[in-house]
Amino acid sequence: MKLEQILTDVEYKILQGTLDKDVADIAYDSRKTVKGGMFVAIQGTVVDGHKFIDSAVEAGAEVIVAEKETGVEDKNITVLQVENGRKALSLMSAAYFDHPVKKMITVGITGTKGKSTTEHMVRDIIEKSGKTCGIIGTVGAFINGKTVPTKHTTPESYELQKLFAMMVEEGCEYMVMEVSSQGIKMDRVAGIEFDYGVFTNISPDHIGPGEHENFEEYLSCKAELFRRCKTGIINRDDEHYDDIVRNASCRIITFGTREEADMRARDIQHVSKGGELSMEFRAEGILEGKIIVGLPGRFNIFNALCAACTGVALGMPEEVILHALEHVNVRGRVEVMPVSEDFSVLIDFAHNGVSSESVLSTLREYNPHRIISIFGCGGNRSKVRRYEMGEVIGRMSELAVITSDNPRREDVMDIIEDIKVGMAKSEGTYVVIPDREEAVAYALEHAEKGDMIILLGKGHEEYQDINGVKHHYSEREAVVKGMKKVYGKDFSFML
């Protein structure tokens with residue numbers, strides 16, 4: 001593509017060279033620079049991309065885009081200066097891939113919790129209406145049945161635009177994605193106007209070095225989405241609702257339990273039947289009727305309301321919305337594996353004290369005979385997380401099975417000793433089984449009628465990081481193997 005076309009929406013200064021060039025590709029990692037390509041030097045929070053300009057030139061870059069002087073001496077190389085390299089990368093990537101988001105109906109979902117679940121609910125509603133939809137989020141990108149791994153919840157802008165282009169090529173009419181606060185702050189979605197922006201909720205998170213300076217900045221980034229969309233679908237019950245909508249420039253539709261919400265939940269019920277858990281409520285407002293949510297927990301009432309509101313805004317048939325919500329299944333998000341009518345087995349991504357307490361509180365609402373929690377903690381991470389998880393899970397479970405979870409470059413037994421420090425504060429009952437598959441089998445073998453077994457920490461992940469190597473591991477496979485080993489039953493069809 002011609003350089004001039006790529007620069008259409010970018011403010012820049014020409015330091016040397018000509019714009020009359022064809023650009024073979026765009027890279028912000030010098031190792032991915034191609035001959036005849038462009039290298040964008042970004043001043044990162046950890047690494048300064050300007051240090052790798054020489055490497056990009058050696059690799060064949062003919063265009064350098066930078067925020068400061070480059071020292072490039074070859075006058076055949078075009079050098080452009082921009083104020084913000086990340087924002088320029090986003091705008092140029094969109095142009096390079098021919099603005100693919102403009103060729104789809106787009107939904108961007110932001111919030112502290114519930115993004116992944118709501119995203120999958122909305123995707124299911126769209127697809128069950130007979131439309132094609134691509135999604136991008138924490139668990140990766142899914143495009144027309146294909147899975148594309150992603151490094152971040154909201155990928156870097158070049159990868160993001162490339163994924164959008166793949167969706168268009170695969171015939172996707174709709175695109176639903178999680179828009180993280182970091183994605184907004186780091187200009188990964190710069191220049192994108194979403195057709196629909198969605199807000200689930202907000203609570204303090206991602207605050208610290210390399211993330212957000214404070215809660216106010218975190219909140220501001222979330223609110224920014226509603227200055228970049230045409231219609232906002234927002235949780236009316238959230239205590240920061242007024243902050244989210246204060247500077248919004250979009251049309252607003254609300255959901256929640258408050259009377260002023262456009263869609264309201266009434267008569268909320270927890271349902272436990274044959275080892276499966278769900279929620280039921282009566283919807284009022286822009287959608288009327290009984291809604292069954294095929295996931296446990298009061299928070300999934302809000303996720304379902306949010307998805308239903310989005311479905312209505314998208315013009316999807318009411319019967320399709322109701323059917324999709326009843327049969328929703330989100331990998332690793334309070335995911336129920338119905339392997340027994342006597343006890344429940346669930347998988348969740350919760351990997352800190354706060355999220356673990358939230359999940360276990362949800363299970364407690366179903367009045368289980370016992371809660372059996374299988375969990376570990378990641379290596380080379382804060383020890384405080386280990387103490388907190390040990391204390392919370394020891395307090396809220398009748399039995400804790402302490403095991404491995406991405407020990408990375410630490411000895412798993414050292415991590416377990418830290419967990420036991422927190423566990424001691426709770427005086428909870430626990431066993432230690434370092435091998436995670438064996439830990440799952442143990443819990444299944446010792447399950448009693450009415451028990452709930454919850455596998456915490458891994459969720460959708462399909463690996464364990466041990467000494468820098470990612471070894472294949474799947475919670476679902478562990479449950480299937482455990483059921484085969486303990487009860488002789490084959491549930492491989494569930495994988």
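This section reports on the structure supplied with the text. The structure presented is a predicted model; accordingly, all values stated were derived computationally and were not measured. (Residues numbered from 1 in each chain as written. Predicted model: local features only at pLDDT ≥ 70, side-chain atom pairs only at ≥ 80, totals over all residues. Heavy atoms only, no water.)

## Structural notes on a nonpolar patch on the surface
In step 1: Taken together, Val 46, Val 47 and Phe 52 make up a surface patch of nonpolar side chains, about 300 Å² in accessible area.
In step 2: Counting through the fold element by element, Val 47 comes out in the loop between strand 3 (38-40) and helix 2 (53-58). (Patch = residues over 30% accessible without salt bridge, like charges linked within 9 Å, V, L, I, M, F, W, Y side chains within 5 Å. Areas by Shrake-Rupley, 256 points an atom, 1.4 Å probe, with all protein chains shown as cover. Salt bridge = Lys/Arg side-chain N within 4 Å of Asp/Glu carboxyl O. Helix = DSSP H or I, 4+ residues; strand = E, 2+ residues; numbered from the N terminus.)

## A look at the pairing of strand 12 (residues 229-235)
In step 1: Of all 7 residues in strand 12, 6 are buried; the element is thus mostly enclosed.
In step 2: Judged from the 5 bridges that link them, strand 11 (residues 194-199) and strand 12 form a sheet pairing that is parallel. For Phe 199, the partnering residue across the bridge sits in strand 12 and is Ile 234.
In step 3: Relative to strand 13 (residues 251-256), strand 12 runs parallel, the two being bridged by 5 bridges. Its bridge partner being in strand 13, Gly 232 is matched across the sheet by Ile 252. (Buried < 20%, exposed > 50% of the residue type's maximum accessible area, 1.4 Å probe, protein only. Pairing = 2+ DSSP bridges.)

## Let's talk about the pairing of strand 4 (residues 63-66)
Each regular strand shows side chains that alternate between the opposite faces of the sheet.
In step 1: Burial along strand 4 is two-sided: the residues Val 63 and Val 65 and Ile 64 and Ala 66 are all buried.
In step 2: Inspection of the sheet shows strand 3 paired to strand 4 by 3 bridges, in the parallel sense. If you follow Met 38 over to strand 4, its bridge partner there is Val 63.
In step 3: Between the parallel pair strand 3 and strand 4, the chain is carried across by helix 2, and the sense of this crossover is right-handed.
In step 4: Strand direction decides the pairing type here: strand 4 and strand 5 (residues 78-81), joined by 4 bridges, are parallel. Residue pairing across strands places Ile 64 opposite Val 79, the latter belonging to strand 5. (Right-handed = clockwise from strand over helix to strand, strands pointing away.)

## Things to note about the nonpolar core
In step 1: Residues Phe 281, Leu 325 and Phe 375 are the most contacted members of the largest nonpolar core, which totals 66 residues.
In step 2: With 9 residues, helix 9 (residues 299-313) is the largest single contributor of residues to this core.
In step 3: Residues in contact with Phe 281, not counting those within four places in the same chain, are Ala 265, Arg 266, Asp 267, Ile 268, Gly 289, Lys 290, Ile 291, Val 293, Ile 301, Ala 304 and Leu 305.
In step 4: One finds Phe 164, Cys 221, Leu 225 and Cys 250 within the second-largest nonpolar core, a separate group that totals 32 residues. (Core = buried A, V, L, I, M, F, W, Y, C linked by side-chain atoms within 4.5 Å. Contact = heavy atoms within 4.5 Å.)

## With respect to helix 14 (residues 436-445)
In step 1: Within helix 14 the residues assigned to the buried category are Arg 436, Ala 439, Val 440, Ala 441, Ala 443 and Leu 444.
In step 2: In the core, the buried residues of helix 14 are packed alongside strand 18 (344-348), strand 19 (371-375), strand 20 (399-402), strand 22 (452-456), strand 23 (463-466) and helix 15 (475-487).
In step 3: Where helix 14 begins, one side-chain oxygen reaches toward the backbone nitrogen of Glu 437, 3.1 Å away; that side chain belongs to Asp 435. (Polar contact = N/O pair within 3.5 Å; in protein donor to acceptor, adjacent residues only side chain to side chain.)

## Observations regarding the packing of aromatic side chains
We describe a pair of aromatic rings using the distance from one ring centre to the other and the angle between the two ring planes.
In step 1: Counted under the stated rule, the structure contains 5 aromatic pairs.
In step 2: Taken together, a centroid distance of 5.4 Å and an interplanar angle of 55° make the contact between Phe 97 and Tyr 158 tilted. Of this pair, Phe 97 sits in the loop between helix 3 (85-96) and strand 6 (105-110) while Tyr 158 sits in helix 5 (residues 157-169), and the two are 61 residues apart along the sequence. Judged on exposure class, the residue Phe 97 and its partner Tyr 158 are both buried.
In step 3: Here Phe 343 and Tyr 487 contribute two aromatic rings whose centre-to-centre distance is 6.3 Å and whose plane-to-plane angle is 35°, an arrangement assigned as tilted. Of this pair, Phe 343 sits in the loop between strand 17 (335-336) and strand 18 while Tyr 487 sits in helix 15; the two residues are 144 residues apart in sequence, bridging distant segments of the chain. (Phe/Tyr/Trp six-rings, centres within 6.5 Å; stacked < 30°, edge-to-face > 60°.)

## What to know about the packing of helix 4 (residues 115-128) against helix 10 (residues 318-326)
In step 1: Helix 10 packs onto helix 4 with a crossing angle of 130° between their chain directions and a minimal axis gap of 9 Å. Classified by the interaxial angle, the pair formed by helix 4 and helix 10 is oblique. In the crossing of helix 4 with helix 10, the sense of the turn from one axis to the other is right-handed. Packed against helix 4, whose contacting residues are Met 121, Asp 124, Ile 125 and Lys 128, the element helix 10 presents Val 320, Ile 321, His 323, Ala 324 and Leu 325 at the interface.
In step 2: Grouping the constituent residues of the contact of helix 4 with helix 10 by class yields 6 nonpolar, 1 polar and 2 charged. (Axes fitted to C-alpha atoms, helices over the stretch in contact; angles between N-to-C directions. Parallel < 35°, antiparallel > 145°, perpendicular 65-115°, else oblique. Left-handed = near helix turned anticlockwise from the far one by under 90°. Nonpolar A, V, L, I, M, F, W, Y, C, P; charged D, E, K, R; others polar.)

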